[in-house]
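Descriptive structure summary
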Amino acid sequence: MDFRFTPEEEALRKEFDDFFRGEMRNTPPEWGTYMEAMVGVDACFEFHKQMAKKLAAKGWLSRPWPREYGGQEASLIEQFIFNDVMGYHRGAGVDHWGIALLAPTLLVSANEEQKREHLPPIARGELFWTQLWSEPEAGSDLASLTTRAVRDGGDYIVNGQKTWSSGAHRTDWGFMLARTNPEEKRSRGLSFFLVDMKTPGITIRPILNLEGSHLFNEVFLDDVRVPARNRVGEENQGWIASQMTSNFERSMIELFSFLRRELEELVEFCRESKRGGEVLSENPIVRHRLAQLAIEIEAGRAFSYSIVWSQIKSGLVMAAPLAAAAKVLATELVQRFTYTGSEIMRLYGQVKESRWAPLQGRFEKEYQLCPGLNMAGGTSEIMRNLICTLGLGLPRSW
Ligand SMILES: Cc1cc2nc3c(=O)[nH]c(=O)nc-3n(C[C@H](O)[C@H](O)[C@H](O)COP(=O)(O)OP(=O)(O)OC[C@H]3O[C@@H](n4cnc5c(N)ncnc54)[C@H](O)[C@@H]3O)c2cc1C
């Protein structure tokens, strides 16, 4: 593979970099590094929305899409560069659910009317989305979900409960899987719907996470009327549409770049701080642990590059096991990084507002939040199962 970028791609990287470097100076003090602050704190969500508008004005929310829906038909590599830069700056403004998950699905599976209705508001940064998939008894085994959608004239009437719906309390629309044919088993008999979150019958209740932030919600659906024109794909074929959400740029570059920035800050802390009269950066154990993190982050970045390269060469589907591997590698590395960083910082990692808080207590927050990354969008175990079956050709074991 060729690791070099073209001069045009380098110029684009600089443009993204200048933008995020300038704009991310204006973040509210609570702005964190995870989605918890983005949807959990009013000022952060406001900032996120303003950033969405600014990115939309530049056409950067929808760059890879076809022109007729507000895109510029940018290449996967350009999208990769954008994600790389955004991850490094802990950038705001990209609605993960609308842009990264739903839009690629609509582009592949929606009809023309649905594309024209739903893609432009996403490209303009106007509407935000939530994912209504998981249920109390259906997470990894999503195909066992029981929320029912029953056809009634021009509508479906939906009853059921969704859970872990990230940001549902902030969002305008949700994309949902529901069972339309109870006779059919598992993934057969499910349909994919677009649901206006203001529809009567929808009740949203917060689930506070371990460190007290409001990211998750329970969403109760009681006789919710969803117009049949909001069903994406054929009735009972929703599983096919849902699988499209995993078929796009999934190199995890943004997480590796996010870690590169975090490592720079941790190294800076070690240069400036003393323990027992010794500057931390001179302590051999600390130095080696920092070096180990640097090795793993660089290896991860190189792996991301190779994934986007193989997506371009062999297609998104062929690269799916690599994408699953990147998810395991990136999210488990975030965890190792956070644990090591917390050990190095000790109590300084926990202090939030003081001259003794060089990183504003971020490590304590991240320590509590980072296990969730391994679960979101499919756990590490499920990713390993995918690698076994799709990548190594092993038989299914479940
Ligand atoms: C930060 C975060 C954000 C999320 N956001 C959303 C969202 O916006 N919308 C949404 O719908 N859902 C969301 N989820 C839910 C997420 O998709 C589920 O948590 C995930 O799919 C796991 O399901 P579960 O929690 O029910 O665990 P379970 O499926 O009950 O799994 C429990 C344990 O068993 C293991 N396990 C299960 N099956 C197997 C198997 N076949 N082989 C080996 N091990 C197995 C799992 O790996 C896990 O360790 C979010 C979760 C997190 C943590």
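1. Focus: helix H1 (residues 7–23)
A rise of 1.5 Å per residue sets the reference length of H1, with its 17 residues, at 24 Å; its end C-alpha atoms lie 24 Å apart and thus fit the reference within 8%. Those residues of H1 that fall on the buried side of the exposure criterion are Glu 9, Leu 12, Arg 13, Phe 16, Asp 17, Phe 19, Phe 20 and Glu 23. On an axial view of H1, the arc spanned by its buried residues comes to 165°, and they lie on one face. H1 presents Pro 7 and Lys 14 as exposed residues on the side facing more than 90 degrees away from its buried surface.

2. Thoughts on the domain arrangement of the protein chain
Here the domain parsing of the protein chain yields domain 1 (7–94), domain 2 (130–244) and domain 3 (253–391). Put simply, the middle of domain 2 and the middle of domain 3, counted by C-alpha atoms, are 32 Å apart. In this complex, domain 2 contributes five residues to the contact, which on the side of domain 3 involves five residues. Surface buried jointly by domain 2 and domain 3 totals about 410 Å² across both partners, of which 57% is contributed by carbon and sulfur atoms. On the domain 2 side of the interface with domain 3, the three residues burying the most area are Ser 140, Leu 210 and Glu 211, jointly 89% of the side's total. Across the domain 2-domain 3 interface, the total number found is zero salt bridges. Here domain 2 is connected to domain 3 by zero residue pairs in polar contact (both at pLDDT 80 or more). Of the residues that constitute the side of domain 2 that touches domain 3, the class distribution is one nonpolar, three polar and one charged.

3. Structural notes on the site of the ligand
With respect to spatial proximity, 17 residues lie near the ligand, and among them Ser 134, Ser 140, Ser 166, Thr 379 and Glu 381 are the closest. Note that a nitrogen atom of the ligand is positioned 2.8 Å from one of the backbone N or O atoms of Gln 131. Within the backbone of Ser 134, an N or O atom sits 2.7 Å from an oxygen atom of the ligand. Mapped onto the shell around the ligand, the elements with two or more residues apiece are helix H11 (362–375) and helix H12 (380–391). In terms of residues, the shell around the ligand owes the most to one element, H12, which gives three residues. A per-class count over the shell around the ligand returns seven nonpolar, nine polar and one charged. In this structure, the shell around the ligand is formed jointly by two domains, domain 2 (130–244) and domain 3 (253–391), each of which donates at least three residues.

Analysis parameters
- Residues numbered from 1 in each chain as written.
- Predicted model: local features only at pLDDT ≥ 70, side-chain atom pairs only at ≥ 80, totals over all residues.
- Heavy atoms only, no water.
- Helix = DSSP H or I, 4+ residues; strand = E, 2+ residues; numbered from the N terminus.
- Expected span 1.5 Å × (residues − 1).
- Buried < 20%, exposed > 50% of the residue type's maximum accessible area, 1.4 Å probe, protein only.
- Arc of directions from axis to C-beta.
- Domains from an automatic or database assignment.
- Contact = heavy atoms within 4.5 Å.
- Buried area = accessible area lost by both parts, 1.4 Å probe.
- Salt bridge = Lys/Arg side-chain N within 4 Å of Asp/Glu carboxyl O.
- Polar contact = N/O pair within 3.5 Å; in protein donor to acceptor, adjacent residues only side chain to side chain.
- Nonpolar A, V, L, I, M, F, W, Y, C, P; charged D, E, K, R; others polar.
- Near = heavy atom within 4 Å.

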